[in-house]
Amino acid sequence: MFSQVDAYPGDPILSLNEAFGHDPRPHKVNLSIGIYFDDDGRLPVMQAVRDAETAVLSDIGPRPYLPMAGTAAYRDAVQALVFGEHSAARREQRIATLQTLGGGGALRVGADFLKRYFRESTVWISDPSWDNHRVVFESAGFPVETYPYYDDATGGLRFDAMMQTIAALPPCSIVLLHACCHNPTGVDLSQSQWQALVPVLRERGLIAFVDMAYQGFGDGLDADAFAVRALTGAGVPTVVANSFSKNFSLYGERCGALSVVCATADEASRVFGQLTGTVRANYSNPPTHGARLVAQVLSTPPLRRAWEAELDSMRTRIATMRSQIHARLAPHVSGEKLSRYVAQRGMFTYTGLSAAQADTLRETHGVYLLRSGRMCVAGLNTRNVDTVAHAIAQVLTQ
Ligand code: LMR
């Protein structure tokens, strides 16, 4: 019956991460997947999360189904984090927010919802974007096109070309934007560039779909939400997918949220209803545990302070590793091919290494980067940075 089923070619990120797990070499280094490891190369359990979990486990009770949209406590805490406690849209109850299965689940629920109401729209993603963006939106039935974004010649942004393309899109086009810590390039819009882009989206009648998977890893929790808040404040129809995989180190709990900013409270209530219906059609309702931890940390002031401080230290450690790899590569790399290691933001640097060079790094040196040349800087530590720099230098001189 299933003889016609093709072999799955694998996912460029997750399959590589699995290959890393099977690699027997003890000196191997994983800079492939977007996961934050600490300086000992371990996946951290954040202290605030551990404390919340201890409290939750001591009070464990029955586990009924959650509502399709998740719990109100979680939805409210998340909305305040993403849009700001004092957001006007929030006060006016114009934001429909629901708990989702990670940021990926938020993208998919958002895509399915939009497909029902904007059948003719095309989704525009940055060139390049997270590999799975195209997969999710095409799976939901949308054509997916790209707008100019990354300039390999400078390691920076093709802002004028990006603006030109977006300014010519037909109304109701869906523009996928990365709020901060662009994946895979590490190149973000400045605040003034966002301020220039926002009116174009509004005047063209476009829908902004913002992916915010790395809040807190760029410049801080509020600074990283600048784009979301600027779009919301300007009245652009905005959909936001956010995730707690990275900033709570809760990857396997699949904690995320989807928010849709509407023009009125009445519209938001109907959108909320349709979103819950979309969840019912996919997986019925979300799981309990991770969301309970996130809600507890966000709404308990001492836990919240501890979480923010630990997140700050994660961001600082990444910056230190950026400086360290930059210093070690300085004798071998120059110009913007070197400066991008410190200029790019968040977990990723787009090294400019070719797929063949990434293959050599992996096969000969046990250093795993994506074949696009994306390096997860958050996988570097004081013990492996020399090995990585040495391996890159070798590959570059071959
Ligand atoms: C990544 O980009 O490496 C992460 O977001 C993990 C994933 O699911 O791809």
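Definitions and cut-offs
Numbering of residues begins from 1 in every chain and follows the order in which that chain's sequence is written. Whole-chain, interface and lining totals are the exception, using all residues; otherwise, since this is a predicted model, local features are given only for residues with pLDDT of at least 70 and side-chain atom pairs are given and counted only at 80 or more. Neither water nor hydrogens contribute to the side-chain values; these are computed over all heavy atoms in the structure. Every axis in this analysis is a line fitted to C-alpha atoms, fitted for helices over the stretch in contact. Angles between the N-to-C directions lie between 0 and 180 degrees. The secondary structure listing takes helices from DSSP runs of H or I that are at least 4 residues long and strands from runs of E that are at least 2 residues long, numbered from the N terminus. Reported orientations rely on four angle classes, namely roughly parallel under 35 degrees, roughly antiparallel over 145, roughly perpendicular from 65 to 115, and oblique for the rest. Handedness of a helix crossing follows the sense of rotation of the near helix relative to the far helix, less than a right angle counterclockwise being left-handed and clockwise being right-handed. We call two residues in contact whenever any of their non-hydrogen atoms come within 4.5 Å of each other. Gly counts as polar in this scheme, as do all residues outside two lists: the nonpolar Ala, Val, Leu, Ile, Met, Phe, Trp, Tyr, Cys and Pro, and the charged Asp, Glu, Lys and Arg. Any two rings among Phe, Tyr and Trp, with Trp reduced to its six-membered ring, count as a pair given centres within 6.5 Å; such a pair is stacked if its planes are under 30 degrees apart, edge-to-face if over 60, and tilted if neither. Only protein chains enter the accessibility calculation, which uses a 1.4 Å probe; a residue is then buried when its area is under 20% of its type maximum, exposed when over 50%, and partly exposed in between. Whether a charge sits over a ring comes down to the Lys NZ or Arg CZ being within 6 Å of the ring centre and within 35 degrees of the ring normal. Throughout, the term near means that a residue has one or more heavy atoms lying within 4 Å of the molecule or strand in question. Distance and chemistry together define a polar contact, namely a pair of N or O atoms within 3.5 Å, with one atom able to donate a hydrogen and the other to accept it when in protein, and with adjacent residues in sequence counting only for side-chain atoms on both sides. Using a 1.4 Å probe, the Shrake-Rupley method yields the accessible areas, and only the shown protein chains count as cover for residues. All domain edges in this entry derive from an automatic or database-based domain assignment. Pairing between two strands is assigned when DSSP locates at least 2 bridges connecting them. Look down the strands so they point away from you; if the path from the first strand over the helix to the second goes clockwise, the crossover is right-handed. The patches reported here contain residues having more than 30% relative accessible area and no salt bridge. Joining distances are 9 Å for like charges and 5 Å for nonpolar side chains (Val, Leu, Ile, Met, Phe, Trp, Tyr). Here, a salt bridge means any side-chain nitrogen of Lys or Arg that lies within 4 Å of a carboxyl oxygen of Asp or Glu. UniProt positions are given in the numbering used here, feature names are shortened, and annotations may be inferred rather than shown by experiment.

1. Brief notes about the packing of helix α15 (residues 355–365) against helix α16 (residues 385–397)
Remark: α15 packs on α16, axes separated minimally by 10 Å, with the N-to-C direction vectors making an angle of 125°. As far as their axial angle goes, α16 and α15 are oblique. Considering only the axes of α15 and α16, their crossing is right-handed. Across the interface between the two elements, Q357, T360, L361 and H365 from α15 touch A391, I392, Q394, V395 and L396 from α16. Among the residues forming the contact of α15 with α16, the class breakdown is five nonpolar, four polar and no charged.

2. As for the packing of aromatic side chains
Scanning all chains against the criterion turns up eleven aromatic pairs. Taking 6.3 Å as the distance between ring centres and 55° as the angle between the ring planes, the aromatic pair formed by F137 and F142 counts as tilted. Accessibility classification places F137 together with F142 in one group, the buried group. When the centroid spacing of 5.4 Å and the interplanar angle of 85° are considered together, the rings of F244 and F248 count as edge-to-face. The class for F244 is buried, based on a relative accessible area of 0%. Through a chain of ring-to-ring contacts, three or more aromatic side chains come together here, namely Y74, F244, F248 and W307. Between the NZ or CZ atom of K28 and the centre of the ring of F20, over which it lies, the distance is 4.5 Å. Its guanidinium or amino end placed over the ring of F348, R374 lies 3.8 Å from that ring's centre, counting from NZ or CZ.

3. Concerning the site of the ligand
Close to the ligand lie I13, I33, G34, W130, N183, Y214, K246 and R374. Measuring from an oxygen atom of the ligand, one finds a side-chain N or O atom of N183 at 2.9 Å. Between the ligand and R374, the relevant distance is 2.8 Å, taken from an oxygen atom to a side-chain nitrogen or oxygen of the residue. For the ligand, whose free accessible area comes to 260 Å², the fraction covered by protein is 81%. If you count residues domain by domain, the shell around the ligand takes at least three from each of domain 1 (12–45 + 313–397) and domain 2 (63–299).

4. Here's the deal with the pairing of strand β3 (residues 123–127)
The element β3 is largely enclosed, with a buried count of four among its five residues. Here five bridges tie β3 to strand β4 (residues 144–148), and the two strands are oriented parallel to one another. The residue bridging I125 from the neighbouring strand is T146, located in β4. The parallel pair β3 and β4, bridged by helix α6 (residues 131–139), forms a crossover whose chirality is right-handed. In terms of strand pairing, β3 meets strand β7 (residues 174–178) through two bridges, oriented parallel. In the sheet register, W124 faces β7, and the bridge partner there is V175.

5. Remarks on the sheet that holds strand β9 (residues 238–243)
Pairing is mixed in the open sheet, where seven strands are placed in the order β2-β10-β9-β8-β7-β3-β4. If you trace the sheet from one side to the other, it starts and ends with β2 (95–101) and β4, each paired once. Averaged over all adjacent pairs, the angle separating strand axes in this sheet is 25°, with direction ignored. Where β7 lies against strand β8 (residues 207–212), five bridges are found, and the strand directions are parallel. Pairing of H178 across the sheet is with D211, part of β8. Contacts between α6 and the sheet are confined to β3, β4, β7 and β8, with β4 contributing the most and set at about 145° to the helix.

6. Digging into unusual backbone geometry
A negative phi angle characterises most non-glycine residues, just as the trans form characterises most peptide bonds. The omega torsion of the bond from D127 to P128 falls at 0°, within 30 degrees of zero and hence cis. Following the sequence through the fold, P128 ends up in the loop between β3 and α6. Cis geometry is adopted by the peptide bond preceding P184, which originates at N183 and carries an omega value of 25°. For P184, the location among the structural elements is in the loop between β7 and α8 (191–204).

7. Re a nonpolar patch on the surface
A cluster of nonpolar side chains, M1, F2 and V5, forms an exposed patch at the surface whose accessible area comes to about 440 Å². One can find M1 in the segment before α1 (14–22). Judged by its relative accessible area of 83%, M1 falls in the exposed class.

8. Let's talk about the UniProt feature "domain: Aminotransferase class I/classII large" (unreviewed entry) in the protein chain
With numbering aligned to this structure, UniProt lists the feature "domain: Aminotransferase class I/classII large" (unreviewed entry) at residues 27–392. With 48% helix and 15% strand, the stretch residues 27–392 has end C-alpha atoms that lie 15 Å from each other.

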